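# Structural overview
So you can see what is in the structure, the chains are spelled out below.
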2 protein chains.
Amino acid sequence: MGVDTRTRLVEATHELLWERGYAATSPKDILQRAGAGQGSMYHHFAGKQDLATAALEQSAAVMRADVDVLLASEGSSSERVIAYLERQRDSLRGCRMGRMTYDADVLATPELLHPVAETLQWVVATIARVISRGVEEHEFPTGTDAHQLASMVVATVQGGYVLARAQQDPAAFDAAVAGAAELLRNWSAR
Amino acid sequence: MGVDTRTRLVEATHELLWERGYAATSPKDILQRAGAGQGSMYHHFAGKQDLATAALEQSAAVMRADVDVLLASEGSSSERVIAYLERQRDSLRGCRMGRMTYDADVLATPELLHPVAETLQWVVATIARVISRGVEEHEFPTGTDAHQLASMVVATVQGGYVLARAQQDPAAFDAAVAGAAELLRNWSAR
DNA sequence: GTCTATAACGGGATAGAC
DNA sequence: GTCTATCCCGTTATAGAC
């Protein structure tokens, strides 16, 4: 048995939002990829924005799950954070959530911006908890600002995507996260 | 006497590319902001892409000049790099070059991608030179990978923009660069 | 639930007058 | 050099048949 049409529409939108963003994705593109007709989309959803909202919520769920897997790796707090940094995949594709911040239509539409803001905020907070744990266990120095450190870690990944996409070369991403990992190791060894 | 029409067109495009990106900026928007008519644009330029190429080259020049000013601050190598991190302005606006990496039309057009790739590459290399200087002067430990560290610094800024735009709050940017600055100070104190 | 036809609008470019 | 009129096309949505 096949997947139902509504699900295929959300899945196709989810992929296209990641590849091209919101403004650059037309209903026609979505219908083509989903193998559905015009009527199906407007039956299941109020329109492009409504469908994109559903798709973004799915993107958010996938991203949270990915982060959970990376941070659940074996080892100390710093090893877990470094695993988050270094085990990102598809650095040329960029971040499905982060890329939305440069899409004017998303910024102007609260329903679309909301899942993006909330998910990135959640990633920072989640990594900050891992770091705080490391402070409690004296792996990181007392007085470490976990929120600042976690923000820097997430920003390095997000910015690494930008650098890699600009050069069309994953090595630019790798260099940035390697730099961050080195500084983190040094911080935990203080 | 006023500025000539061609210059106003480039300037208006430069602003709009920064605010909205390439795909989301229409010739109509540009003409309106520049106070020019349809004919002027197609007289001075072959079309939207040609005009955008000129505007992006101007954006690149502005960005290089800004970086030069920040890195020319007084002090040690680490102080200069930290000045680059902390004295960024307009964190909600994002980076005029970096934002282009999420614009599909730019990625698909070599003439548009080229100035973006080259400028970001230049920023990384320029910061790497400051760091290398710091290594020579024993401010940073021997064996420091200047390219990796510089990549991480630039990525933190680029990613800081993403985080701040997602939250619509400059504090998210500030937290990321503060984290990076703290780790850098610690690295130079090794 | 899904299809096709159609409409209303804007993007990007061209033509030719002035 | 700059203007206005016009053209072609794609986007987004609606209407109504099946």
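Quick notes on the rules
Residues numbered from 1 in each chain as written. Chains lettered and ligands numbered in written order. Predicted model: local features only at pLDDT ≥ 70, side-chain atom pairs only at ≥ 80, totals over all residues. Helix = DSSP H or I, 4+ residues; strand = E, 2+ residues; numbered from the N terminus. Buried ≥ 20, exposed ≤ 12 C-beta atoms within 10 Å, placed from the backbone. Contact = placed C-beta atoms within 7 Å. Least-squares fit on C-alpha atoms with pLDDT ≥ 70 in both. Expected span 1.5 Å × (residues − 1). Axes fitted to C-alpha atoms, helices over the stretch in contact; angles between N-to-C directions. Parallel < 35°, antiparallel > 145°, perpendicular 65-115°, else oblique. Near = placed C-beta within 6 Å. Nonpolar A, V, L, I, M, F, W, Y, C, P; charged D, E, K, R; others polar. UniProt positions renumbered as here; feature names shortened; annotations may be inferred.

## Notes on the overall build of chain A
The secondary structure content of chain A amounts to nine helices and zero strands. N-terminal to C-terminal, the α/β element order of chain A is α-α-α-α-α-α-α-α-α. Residues classed as buried in chain A amount to 47% of the 190 residues present. Sequence separation of 24 or more characterises 65% of the internal contacts of chain A that already satisfy a separation of 6 or more.

## Here's the deal with the relation of the copies chain B and chain A
The two chain copies are connected by a rotation around an axis plus a translation along it. Overlaying chain B on chain A yields an RMSD of 0.0 Å, the required transformation being a rotation through 180 degrees with an accompanying axial translation of 0.0 Å. In the structure described here, the two chain copies are related by an operation that fits a two-fold rotation axis. Taking C-alpha positions as the reference, the residue of chain B nearest the rotation axis is Gly159(B), at 1.9 Å. Of the interface residues in chain B, 98% have counterparts in chain A that sit at the interface too, so the contact is made through matching surfaces.

## So, helix H8 (residues 146-167) of chain B
All names here are of chain B. Its 22 residues give H8 an end-to-end C-alpha distance of 31 Å, which sits within 8% of 32 Å, the value for a rise of 1.5 Å per residue. For H8, a buried count of 21 out of 22 residues is recorded, marking the element as mostly surrounded by other parts of the structure. Where H8 terminates, the next one or two residues include Gln 168, which has phi positive at roughly 55 degrees.

## What to know about the packing of helix H4 (residues 48-71) of chain B against helix H7 (residues 110-136) of chain B
Each packed pair of helices is defined by two parameters, the angle between the axes and the distance between the axes. Residues and elements named next belong to chain B. In the contact formed by H4 and H7, the axes pass within 9 Å of each other and the chain directions differ by 10 degrees. The angle between H4 and H7 falls in the class roughly parallel. Two secondary-structure elements touch here, H4 through Gln 49, Ala 52, Thr 53, Leu 56, Glu 57, Ala 60, Met 63, Arg 64, Val 67 and Leu 71 and H7 through Glu 111, Leu 112, Pro 115, Val 116, Thr 119, Trp 122, Val 123, Thr 126 and Val 130.

## With respect to the protein's contact with DNA strand C
Gly37(A), Gly39(A), His43(A), Ser26(B) and Gly47(B) are the nearest of the 16 residues found near DNA strand C. Elements that contribute at least two residues to the surface near DNA strand C include exactly helix H3 (38-44) of chain A together with helix H2 (27-34), helix H3 (38-44) and H4 of chain B. Of all the elements, H3(A) adds the most residues to the surface near DNA strand C, at four residues.

## Description of the interface of chain B and chain A
Listed as interface residues are 43 residues of chain B and, on the opposing side, 42 residues of chain A. Residue assignment for the side of chain B that touches chain A shows that the elements contributing at least two residues are H7, H8 and helix H9 (170-188) of chain B. The biggest single contributor to the side of chain B that touches chain A is H8(B), with 17 residues.

## Considering the protein's contact with DNA strand D
Of all residues adjacent to DNA strand D, which total 15 residues, the nearest are Ser26(A), Gly47(A), Gly37(B), Gly39(B) and His43(B). Every element with two or more residues in the surface near DNA strand D is listed here: helix H2 (27-34) and H3 of chain A together with H3 of chain B. The residue makeup of the surface near DNA strand D, split by class, is three nonpolar, ten polar and two charged.

## Overview of the UniProt feature "domain: HTH tetR-type" (unreviewed entry) in chain A
Annotation from UniProt places "domain: HTH tetR-type" (unreviewed entry) at residues 3-63 of chain A. Between the C-alpha atoms that bound residues 3-63 of chain A there is a distance of 22 Å. The span itself is 77% helix and 0% strand.

## Some thoughts on the packing of helix H5 (residues 77-86) of chain B against H9(B)
All names here are of chain B. The interhelical angle for the contact between H5 and H9, taken along N-to-C directions, is 175 degrees, at an axis separation of 10 Å. In terms of orientation, H5 lies roughly antiparallel with respect to H9. Residues Ser 78, Val 81, Ile 82, Leu 85 and Glu 86 of H5 form the contact with H9, whose own contacting residues are Val 177, Ala 180, Ala 181, Leu 184, Arg 185 and Ser 188. Tallied by class, residues from the contact of H5 with H9 come to seven nonpolar, two polar and two charged.

## With respect to the UniProt feature "DNA-binding region" (unreviewed entry) in chain A
According to UniProt, the feature "DNA-binding region" (unreviewed entry) maps to residues 26-45 of chain A in the numbering used here. From the first C-alpha to the last, residues 26-45 of chain A spans 14 Å; its make-up is 75% helix and 0% strand.

## Remarks on the environment of Thr53(B)
Residues and elements named next belong to chain B. Counting through the fold element by element, Thr 53 comes out in helix H4. The class for Thr 53 is partly exposed, based on 17 C-beta atoms found within 10 Å. Considering only alpha carbons, one finds Thr 53 and Glu 111, 58 residues apart in sequence, at a separation of 6.6 Å. Once residues lying within four places of it in the same chain are set aside, the contact partners of Thr 53 are Glu 111 and Leu 112.

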